[in-house]
Amino acid sequence: MDIKKYFLTEGKVVKGLLPHEWVIVGYAFITLSIVMVCATSYADPEAMVWTRIKLVTATLALWGLYRLVPCRIMMFLRVVMQVILLGEWYPDTYEINSILPNLDHVVASWEQSLFGYQPAEAFSEAMPQWWFSELLHLGYVSYYFLLVTIPLLYFVYWYEDFQRTSFIIISSFFLFYLFFDIFPVAGPQYYFHAIGLDKVAAGVFPELGTYFSNHRECLEIPGAHGPFRFLVQVAHDTGERPTAAFPSSHVGAATVVLFLAIRYCRKRRKWEMMYWYVPLYVSLCLSTVYIKAHYAVDAFAGFIFGMVFYFSLAQIFKVREGR
């Protein structure tokens, strides 16, 4: 591998913001408008405003560094830092939608109508074995690995398509976040704890209004104790909030990356990587329901949203670039 090429000045220097950076700025502006209009309803609107100022400033700073040193490594930094900053934007959806009435009773009712029971409650009870629990927790943890691996492969082996890949992945996240801002669903782990498992068993799903604006208690993560369950617990304790359940952005983002993986394999003619990608993807989709992070309909909706986002954003990028 020629390391020097990553530090040489690019032949085609991008002078303005990258497409995904415009999406971030646009999302910041939209949500800032929401915060300003509803300021009196939020506990700390000043902090929400400053969060947007800091994140947009970080985006502009990354652009400035690239303009000073316009090389591939700086381009990679512009992308990877935005992926890291998704961890700042995600809990913010909870702050925004906390003033709206919770809609878990609606999604749980859909679930009950489709299945006659709650798969999120029954799944882990039906399969409590250590090996199965760890397999699905591995799938859930692999989410972060999958999100990083595919863009990295594009960066190293198909750099010409790296901007397109970054735009599709990052823009998908912000489309999910925008939906979460206006459709507050906490997920089974929070909602079932709030209403009680006796009501869940009876198929009774009461409305909770803005209950989760002041409550974050949730059910214990199911499954036998093991290293992968421990990692899921750490991730949950670090950044999870009673928000962003419908549709599942875990399934949705993984679906977007799945299509990018297929495109990469077709280009490079290396289909063998799908032998490990597809099992991890399936395990990830199942795990979201197994650990009670999502209803089954969340996972299905995440797949549909992810597929629609991928093809829509790919077309948008194609039109924008004129190719």
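Residues numbered from 1 in each chain as written. Predicted model: local features only at pLDDT ≥ 70, side-chain atom pairs only at ≥ 80, totals over all residues. Heavy atoms only, no water.

**Structural notes on the side chain of Ser171**
Part 1: Relative to the elements of secondary structure, Ser171 occurs in helix H7 (residues 162-182).
Part 2: With relative accessibility at 1%, the residue Ser171 sits in the buried group.
Part 3: Excluding residues within four positions of it along the chain, Ser171 makes contact with His20, Val23, Ser166 and Leu313. (Helix = DSSP H or I, 4+ residues; strand = E, 2+ residues; numbered from the N terminus. Buried < 20%, exposed > 50% of the residue type's maximum accessible area, 1.4 Å probe, protein only. Contact = heavy atoms within 4.5 Å.)

**Some words on the packing of aromatic side chains**
Part 1: All chains considered together, the criterion is met by 40 aromatic pairs.
Part 2: Taking the centre distance of 4.7 Å and the plane angle of 40 degrees together, the rings of Phe76 and Phe155 count as tilted. Remark: Phe155 occurs in helix H6 (residues 130-157) and Phe76 occurs in helix H3 (residues 72-97); sequence separation between them is 79 residues.
Part 3: Look at Phe76 and you get partly exposed, because its relative accessible area is 26%. (Phe/Tyr/Trp six-rings, centres within 6.5 Å; stacked < 30°, edge-to-face > 60°.)

**Brief notes about the nonpolar core**
Part 1: Within the largest apolar cluster, 92 residues are counted, with the highest numbers of intra-cluster contacts made by Tyr177, Tyr191 and Tyr277.
Part 2: If you tally residues by element for this core, the top one is helix H11 (residues 249-268), at eleven residues.
Part 3: Ignoring sequence-local partners within four residues, the contact set of Tyr191 consists of Asn102, Asp104, His105, Ala108, Phe205, Pro206, Leu208, Phe212 and Tyr295. (Core = buried A, V, L, I, M, F, W, Y, C linked by side-chain atoms within 4.5 Å.)

Note that every value here comes from positions in space, so none of it alone points to a role or purpose.
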